[in-house]
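Commentary on secondary and tertiary structure
Take a look at the letters that make up each chain.
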Amino acid sequence: PRLLSQFFFADERVTRVVAEINGLGAELDPQQYLVLLNQLHLSQAHLLAVLERIMEECIPTQRHSRDYLVKFPEELLVDNLGNHMLFAAECLLAGTFLELEESDGAQLRPQARNLLCSLELVRTVLREQSLSQPNSYPEPVRAVLIQFDRLFAEFELSYVSSLVAVKSPDEIYRQQEIIVLFCETVERALHLGYLTQEMIDGYEPLLMFTIPRLAIISGLLIYPEGPLSLDRRPEEMSRIFSPFYNLLKKIRDLLWVLSAEELCLLERSLCTAE
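Where an unreviewed UniProt entry is consulted, the chain appears under the name LST2 protein, with the organism given as Toxostoma redivivum.

So, about helix H8 (residues 207–222). Taken residue by residue, H8 has Leu207, Thr210, Ile211, Leu214, Ala215, Ile217, Ser218, Gly219 and Leu220 as its buried positions. Along its buried surface, H8 packs onto helix H6 (169–192), helix H7 (197–201), helix H9 (245–256) and helix H10 (260–270).

On to the domain arrangement of the chain, then. Interface size is commonly expressed as the accessible surface area that is lost when the partners come together. Its domain assignment divides the chain into domain 1 (3–163) and domain 2 (169–272). With centres defined by C-alpha atoms, the gap from domain 1 to domain 2 works out at 43 Å.

A separate point is the side chain of Arg232. Here Arg232 lies in the loop between H8 and H9. You can call Arg232 buried: its relative accessible area is 19%. One polar contact links the side chain of Arg232 to the main-chain carbonyl oxygen of Gly226, over a distance of 3.5 Å. When near neighbours in sequence (up to four residues on either side) are disregarded, Arg232 contacts Arg174, Glu177, Glu225, Gly226, Pro227, Met237 and Tyr245.

Our focus in this paragraph is unusual backbone geometry. The backbone of Tyr203 sits at a positive phi, close to 55°, despite the residue not being glycine. Relative to the assigned elements, Tyr203 resides in the loop between H7 and H8.

Another aspect to go through is the pattern of salt bridges. For the coordinates displayed, the defined rule picks out 15 salt bridges. One salt bridge in this structure joins Glu52 and Arg63, with 3.1 Å as the shortest N-O distance. You can see Glu52 sitting in helix H2 (residues 30–58) and its partner Arg63 sitting in the loop between H2 and helix H3 (81–93), a full eleven residues away along the chain. Residue Glu52 is classed as partly exposed on the basis of its relative accessible area of 34%. Here Arg63 falls in the buried class, since its relative accessible area comes to 18%. Between Arg252 and Asp253 there is a salt bridge, and its shortest N-O distance comes to 3.8 Å.

Thresholds applied
- Residues numbered from 1 in each chain as written.
- Predicted model: local features only at pLDDT ≥ 70, side-chain atom pairs only at ≥ 80, totals over all residues.
- Heavy atoms only, no water.
- Buried < 20%, exposed > 50% of the residue type's maximum accessible area, 1.4 Å probe, protein only.
- Helix = DSSP H or I, 4+ residues; strand = E, 2+ residues; numbered from the N terminus.
- Contact = heavy atoms within 4.5 Å.
- Domains from an automatic or database assignment.
- Polar contact = N/O pair within 3.5 Å; in protein donor to acceptor, adjacent residues only side chain to side chain.
- Salt bridge = Lys/Arg side-chain N within 4 Å of Asp/Glu carboxyl O.

Next comes the structure, spelled out in structure tokens:
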């Protein structure tokens, strides 16, 4: 159950797979080479997972900020992002730039080198600690973990920023506006009886369609100065809604001519229609 013991065996597994790869010529047995590469990927992912738990236990208040993750496209926020960063650093150090431009890759190589050197130091220190005092984290161990955590975060932000366009502060703010709109829409729908708390607590599938529909009406009529404000230019709106700027204007114009009873009937129908 001890994390340092888990780290020792995870590190042993990585070392063993690397030794097998180094002893096998890719041109001699390409199938076995691919199998070993997959094993290396899995074993490194497990090693990083154990290391993450160790850092949470050892340096929980000294972790480097990960606030920058909100800037990343949602499709990149996956469980194996850390392992992908490690693989990217290894490729950069080997002179392979993958999806990056050569100039960007050359700029990132020093960061990749520092990160991988720090990881090797962490592995050495934690292995020694697991064999001597597996129940404690003395200051030298904490220091190398803090340094690795910082270098990993800095490389992750730099690499992803070179790979894709990260969200600007304005885009993040617009995204938060949409979250607030959806929350206020749900609160209003509960108050008016369009939805029930049981539907929300039970993750009723229909809500995936109902809430966005109601949010559009709320955004156009109830909170006209919010993220669906049509007083803004399309490029000033969230990318979720900006492609539908003209359609939203037509919907707003139609909503304006509805009476209160007709609006209520429309909203109720949006809660049941598929």
